[in-house]
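Residue strings, one per chain:
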Amino acid sequence: MRETQNSPIISTDLRLIAEQAKRDPAKVFVSLAHRMDVDFLYKAYRRVRKDGAPGVSGRTAKDYAKNLTESLTDLHGRLKACRYEAPKIKRVWIDKDGGKKKRPIGLTEFEDKIVQKAVSMLLGAVYEQDFYPFSHGFRDGHSAHQALKEIREQCMFHGINWLIDADISGFFDNIDRVQLKEIIKQRVNDGGLLRLIGKWLNAGVVEGDVISYSDKGTPQGGVISPQLANIYLHEVLDGWFEKEVKPRMKGYCFLVRFADDFIIGCEDEGDARRIMEVLPKRFNRYGLNIHPEKSKRIEFRRPSPTRVEGKGEATFDFLGFTHYWARSRKGNWVIKRKTAKKGVRRAIVEMRTWCRNNRHKPLVWQHKMLSLKLRGHFQYFGIRCNMRAMEAVKHLVISGWKYWLSRRSHKSAIPWYDFRDYLEVNPLPSPRIIHNV
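Conventions used here
The residue numbering used here restarts from 1 in each chain and proceeds along that chain's sequence as written. Local features in this predicted model are restricted to residues whose pLDDT is 70 or higher, and side-chain atom pairs enter the listing and the counts only when it is 80 or higher, whereas totals over whole chains, interfaces and linings include all residues. To get the side-chain values, take all heavy atoms of the structure and skip hydrogens and water. Only DSSP runs of H or I reaching four residues or more are called helices, and only runs of E reaching two or more are called strands; each is numbered from the N terminus. Just to be clear, the radius of gyration here is over C-alpha atoms, and the globule rule we use is 2.2 Å times residues to the power 0.38. Only protein chains enter the area calculation, which uses a 1.4 Å probe; residues under 20% of their type maximum are buried, those over 50% are exposed, and those in between are partly exposed. By the convention used here, residues are in contact when the closest approach between their heavy atoms is within 4.5 Å. Paired strands are those between which DSSP finds at least two bridges. Axes here mean lines fitted to C-alpha atoms, for a helix over just the part in contact, with angles spanning 0 to 180 degrees between N-to-C directions. Here, a disulfide means two cysteine sulfur atoms that sit within 2.5 Å of each other. Residues with no salt bridge and a relative accessible area higher than 30% make up the patches, which join like charges within 9 Å and nonpolar side chains (Val, Leu, Ile, Met, Phe, Trp, Tyr) within 5 Å. All accessible areas in this document rest on Shrake-Rupley with a 1.4 Å probe, and a residue is counted as covered only by the protein chains that are shown. For salt bridges, the criterion is a side-chain nitrogen of Lys or Arg within 4 Å of an Asp or Glu carboxyl oxygen. For the purpose of counting charges, residues Lys and Arg are taken to be positive, whereas Asp and Glu are taken to be negative. His and the chain ends are not included. Charged side chains are reduced to one point each, which is NZ for Lys, CZ for Arg, CG for Asp and CD for Glu. Each residue carries a pLDDT score, the predictor's confidence in it, ranging from 0 to 100. One fewer than the residue count of a helix, multiplied by 1.5 Å, yields its expected span.

**A word on the overall build of the protein chain**
What the protein chain contains, in helices and strands, is 15 helices and 11 strands. Here the C-alpha atoms of the protein chain give a radius of gyration of 25 Å, agreeing with the 22 Å that 2.2 N^0.38 yields for 437 residues. Reported as C-alpha extents along the three principal axes, the dimensions of the protein chain are approximately 70 × 65 × 45 Å. Among the 437 residues that make up the protein chain, the fraction classed as buried is 47%. A sequence separation of at least 24 residues applies to 70% of the contacts in the protein chain between residues at least 6 apart.

What follows is the structure, given as structure tokens:
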């Protein structure tokens, strides 16, 4: 393959598209699909994860890479001749909440992931110029921790007193496909790309010997789904809030969104009430529902300076963290975050369940895998004021690990002093502050 990972040709193409989109916000792009040549597909291949489970055919990324140039050349030929067919999605069920529930995930063919990534790159070059800075989900240069930081700063420095914590019922499964394609056409009216998107939206789902089809929602487990979701919510929520809602408000207000999770903050209670009333109607117009029980209006004002208690009364959960007002070391009221109770419970149950299921595996391997799991947990939840919750997770995981190791045989339980000696020589990762948010 001629191009390196940092292909100058690909970068120039996407940059030119982005510059046109930024320069002319009303421009409709009608010719983008032709840019998906072999070199572009190779760039998309480099950006696709290689460790995912295979789809219906069982062909893995490693299998695809054996004859990569030939495979991509053949793929390009089928795309150019409009002979590419979207493969069916394999549905499997994985444990949720420590095995008490199951949730479905979709497994797509690796080659299909390449095509979806290529289309996502083209759409991203256009829509990244349109998306608002407060949209942080599934975007290069954005993260959940940036969303958390923005919410904290908005609430602390703009006199926010009321929050709207809304929940969209089954968002990815209920997107109206007809309206989605009409929204895309307003900015990208390329027949080749629209045909591919239509094929993915209508691809069947295979579960055992049964093939099912749905008339709404985005491709389950598809690489293209996050991009389509952002485009849809940009129209449904983001643009509506900026252009129609904010100009009508009496006080200051803000919106922070990460994928389908969002928080709206208001200075004035009346503004919060009005938004809460019209929000379900707005989403209903696009085939979506705001969950009436999980959505709520929260009074989240800064406590009085004369208050002596150490914490505020109101709290809310967002992106796995509970947010609350508390005194800083200097005695000022600040917003702190800690792992939400549901997140702590889920992490402990999942890791202890893993210890039970893998207790007969070699001890060295168990230690390595538990270290990876704990490190991943601390990597996300490692923010200031959250040490106690992270330490609790580590402590309970260690006790659970010892419990299941003691049941590998009918012999007596492992003494704590022996287990402590082992952990002193082979320690598990300790929590630390990683994100300064």
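From this point, things continue past the structure.
**Some details on the sheet that holds strand S8 (residues 296-299)**
Ordered in space as S6-S7-S3-S8, the four strands form an open sheet in which the pairing is antiparallel. With one partner strand each, in any of the chains shown, strand S6 (253-258) and S8 form the two edges of the open sheet. Each strand axis lies, on average, 20 degrees off the axis of its neighbour in the sheet, ignoring direction. Alignment of strand S3 (residues 162-166) against S8, held across four bridges, turns out to be antiparallel. What sits directly across from Leu163, in S8, is Ile298. Most of the contacts of helix H10 (residues 225-245) go to S6, to which it runs at about 175 degrees, and overall it touches S6 and strand S7 (261-266).

**Things to note about the state of the cysteines**
Inspection of the entire model under this criterion finds zero disulfides. Note on Cys266: no disulfide assigned, nearest cysteine sulfur contributed by Cys253 at a separation of 5.3 Å.

**Quick word on a positive patch on the surface**
A contiguous patch of positive charge, built from Lys294, Lys338, Lys341, Lys342, Arg345 and Arg388, is present on the exposed surface. Top contributing element to the positive patch by residue count: helix H12 (residues 341-357), with three residues. Mapped onto the elements of the fold, Arg388 is located in helix H14 (residues 387-405).

**Quick look at the pairing of S3**
The buried fraction of S3 amounts to five of the five residues, a majority that puts the element mostly inside the structure. By the alternation rule, side chains of S3 split into Trp162, Ile164 and Ala166 and Leu163 and Asp165, which are all buried. Here five bridges tie S3 to S7, and the two strands are oriented antiparallel to one another. Each residue of the ladder has a partner; that of Trp162, found in S7, is Cys266.

**A look at the confidence of the model for the protein chain**
For the protein chain, per-residue confidence averages 91 on the pLDDT scale, and 94% of positions sit at 70 or higher. When the elements of the protein chain are averaged for pLDDT, strand S2 (residues 101-107) gives the smallest value, 81, and S6 the largest, 98. Considering only residues more than four positions removed or in separate chains, one finds that residues 1-9, a stretch of pLDDT under 50, has 15 contacts.

**Things to note about the pattern of salt bridges**
Enumeration according to the criterion identifies 15 salt bridges in this entry. Among the salt bridges present, the one from Arg139 reaches Glu128, with a minimum N-O distance of 2.8 Å. With Arg139 in the loop between helix H5 (110-127) and helix H6 (144-157) and Glu128 in the loop between H5 and H6, the pair connects residues that are 11 residues apart, well separated along the chain. When its relative accessible area of 9% is taken as the criterion, Arg139 is described as buried. Salt bridges sharing common partners tie together Asp74, Arg78 and Glu111.

**Description of the environment of Gly287**
Relative to the helices and strands, Gly287 is located in the loop between helix H11 (269-284) and S8. In the structure, Gly287 is positioned 108 residues away from Gln179 in sequence and 8.9 Å away in space, judged by C-alpha atoms. In contact with Gly287, not counting residues within four places along its chain, are Asn174 and Gln179.

**Here we look at H5**
Between its first and last C-alpha atoms H5 spans 25 Å; for 18 residues at 1.5 Å apiece the expected length is 26 Å, and the two agree. Along H5, 17 of the 18 residues are buried, which leaves the element largely enclosed by surrounding structure.

**With respect to unusual backbone geometry**
Despite not being glycine, Leu319 shows a phi value in the positive range, around 55 degrees. Within the secondary structure, Leu319 sits in the loop between strand S9 (311-318) and strand S10 (321-327).

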